[in-house]
Amino acid sequence: MSDANIIYEQPLNELIRLCLRLEHLFGQLDFHGDQPHEHNSRAAITALLDILNVIERPDLKAKLVKALSYHANVLTTLESSPNIDRSKLNNVLDQLDNLIDVLHTMPGRIGQPLKDNEFLAHVRQRLSIPAGDCTFNLPSYHRWLAQPESIRLSDIKQWLAHFTHLKAATHFLLKLTRESASPQTITIEDGFYQQTLESNNAWQLVRIALPFNPCIYPEFSVGQHRLS
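A short tour of the structure in this document, coming up.

Conventions and cut-offs
Residues numbered from 1 in each chain as written. Predicted model: local features only at pLDDT ≥ 70, side-chain atom pairs only at ≥ 80, totals over all residues. Heavy atoms only, no water. Helix = DSSP H or I, 4+ residues; strand = E, 2+ residues; numbered from the N terminus. Buried < 20%, exposed > 50% of the residue type's maximum accessible area, 1.4 Å probe, protein only. Contact = heavy atoms within 4.5 Å. Areas by Shrake-Rupley, 256 points an atom, 1.4 Å probe, with all protein chains shown as cover. Lys, Arg positive; Asp, Glu negative; His and termini not counted. Charge placed at Lys NZ, Arg CZ, Asp CG, Glu CD. Axes fitted to C-alpha atoms, helices over the stretch in contact; angles between N-to-C directions. Parallel < 35°, antiparallel > 145°, perpendicular 65-115°, else oblique. Left-handed = near helix turned anticlockwise from the far one by under 90°. Nonpolar A, V, L, I, M, F, W, Y, C, P; charged D, E, K, R; others polar. Phe/Tyr/Trp six-rings, centres within 6.5 Å; stacked < 30°, edge-to-face > 60°.

**Examining the overall build of the protein**
Now for step 1: Counting its secondary structure elements, the protein contains 9 helices and 4 strands.
Now for step 2: For the protein, buried positions account for 32% of its 228 residues.
Now for step 3: Once local pairs closer than 6 in sequence are excluded, the contacts in the protein between residues at least 24 apart make up 75%.
Now for step 4: Carbon and sulfur atoms make up 52% of the accessible area of the protein, which amounts to about 14300 Å² in all.
Now for step 5: When the 21 basic and 25 acidic side-chain charges of the protein are each reduced to a single mean position, those positions are 5 Å apart.

Below is the structure:
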């Protein structure tokens with residue numbers, strides 16, 4: 001795909017939708033988390049607390065393990081193929097096994113220590129209202145932001161560490177999903193395209209690459225049997 005293309009993605013199940021949201025938030029957290037300005041720290045904290053909101057469901061670890069195990073089983077069937085790169089395949093399978101083992105052995109729910117953190121919980125509660133993090137609403141947050149940047153960045157790094165395995169699993173699951181099919185070139189007539197979705201396939205994600213145009217973008221409609 002050309003670098004001039006812009007890629008639009010449409011998730012086709014709940015887990016991929018959640019992973020795309022997490023990828024979006026981790027990107028914001030990575031960008032702002034090591035920047036010194038107070039506004040960067042505000043953006044990093046907002047992204048971190050948004051992650052906590054996204055991962056509220058109690059069965060998240062089980063869902064991730066199931067999805068990663070599915071990919072491991074599919075890839076294992078390729079081991080006997082004569083045209084496969086054994087070294088690359090074994091490397092991917094090892095990464096999958098490590099992620100599955102880590103998720104299995106993680107105690108409690110992902111991010112639970114952050115949910116139990118009194119300071120973060122107070123900020124999280126106030127962020128549910130517009131401008132809830134202003135100084136008179138959250139003096140403790142105002143004090144934290146006024147600290148030297150080294151302390152703020154150290155705190156953010158420490159809190160982000162609780163998401164290390166979640167971030168790795170999300171990244172790897174999306175990578176495998178995106179690389180599980182080869183791109184196809186299609187022509188859309190009069191701005192409309194429809195494709196039947198075979199029920200025996202585990203559809204995960206639709207990706208559309210279009211040359212950038214300020215007036216053109218796709219709108220998706222996905223049902224049980226077809227994509228428009």
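**Examining the environment of Ser 69**
Now for step 1: Within the secondary structure, Ser 69 sits in helix H3 (residues 60-76).
Now for step 2: Ser 69 sits 28 residues away from Asp 97 along the chain, and the two C-alpha atoms are 8.2 Å apart.

**Observations regarding the packing of H3 against helix H4 (residues 86-105)**
Now for step 1: At a minimum axis separation of 10 Å, H3 and H4 run at an interaxial angle of 155°. By the angle between their directions, the pair H3 and H4 is classed as roughly antiparallel. Helix-helix and strand crossings are classified by hand; for H3 and H4 the assignment is left-handed. Residues Lys 61, Leu 64, Val 65, Leu 68, Ser 69, His 71, Ala 72, Leu 75 and Thr 76 of H3 form the contact with H4, whose own contacting residues are Leu 89, Val 92, Leu 93, Leu 96, Leu 99, Ile 100, Leu 103 and His 104.
Now for step 2: When grouped by side-chain class, the residues that make up the contact of H3 with H4 number 12 nonpolar, 4 polar and 1 charged.

**Considerations on unusual backbone geometry**
Now for step 1: Its identity is not glycine, yet Ala 131 carries a phi of approximately 55°, on the positive side.
Now for step 2: Tracing the sequence through the fold places Ala 131 in the loop between helix H6 (118-126) and helix H7 (139-145).
Now for step 3: A residue is classified by how much of its surface remains accessible, and Ala 131, at 55% relative accessible area, is exposed.
Now for step 4: Even without a glycine there, the phi angle at Asp 190 is positive, about 55°.
Now for step 5: Along the chain, the position of Asp 190 falls in the loop between helix H9 (164-178) and strand E2 (195-196).
Now for step 6: What makes Asp 190 exposed here is its relative accessible area of 83%.

**Side note on the packing of aromatic side chains**
Now for step 1: Summed over the entire model, instances satisfying the criterion amount to 6 aromatic pairs.
Now for step 2: Look at Phe 26 and Phe 163: their rings are 6.1 Å apart centre to centre, the planes differ by 70°, and that puts the pair in the edge-to-face class. Residue Phe 26 is found in helix H1 (residues 14-33), and its partner Phe 163 is found in the loop between helix H8 (149-160) and H9; the two are separated by 137 residues along the sequence. In this structure, Phe 26 and Phe 163 share a single accessibility class: buried.
Now for step 3: Residues Phe 119 and Tyr 141 carry aromatic rings whose centres are separated by 6.2 Å and whose planes lie at 55° to one another, so their mutual orientation is tilted. Remark: Tyr 141 occurs in helix H7 and Phe 119 occurs in helix H6; sequence separation between them is 22 residues.

**Quick word on the packing of H4 against H9**
Now for step 1: Direction vectors running N to C along H4 and H9 enclose 140°, while the axes themselves pass 10 Å from each other. In terms of their interaxial angle, H4 and H9 are classed as oblique. As for the relative orientation of H4 and H9, their crossing is left-handed in sense. Judged by residue contacts, Val 92, Gln 95, Leu 96, Leu 99, Val 102 and Leu 103 of H4 engage His 165, Ala 168, Ala 169, Phe 172 and Leu 176 from H9.
Now for step 2: Tallied by class, residues from the contact of H4 with H9 come to 9 nonpolar, 2 polar and no charged.

Worth remembering: the numbers are spatial, not functional.
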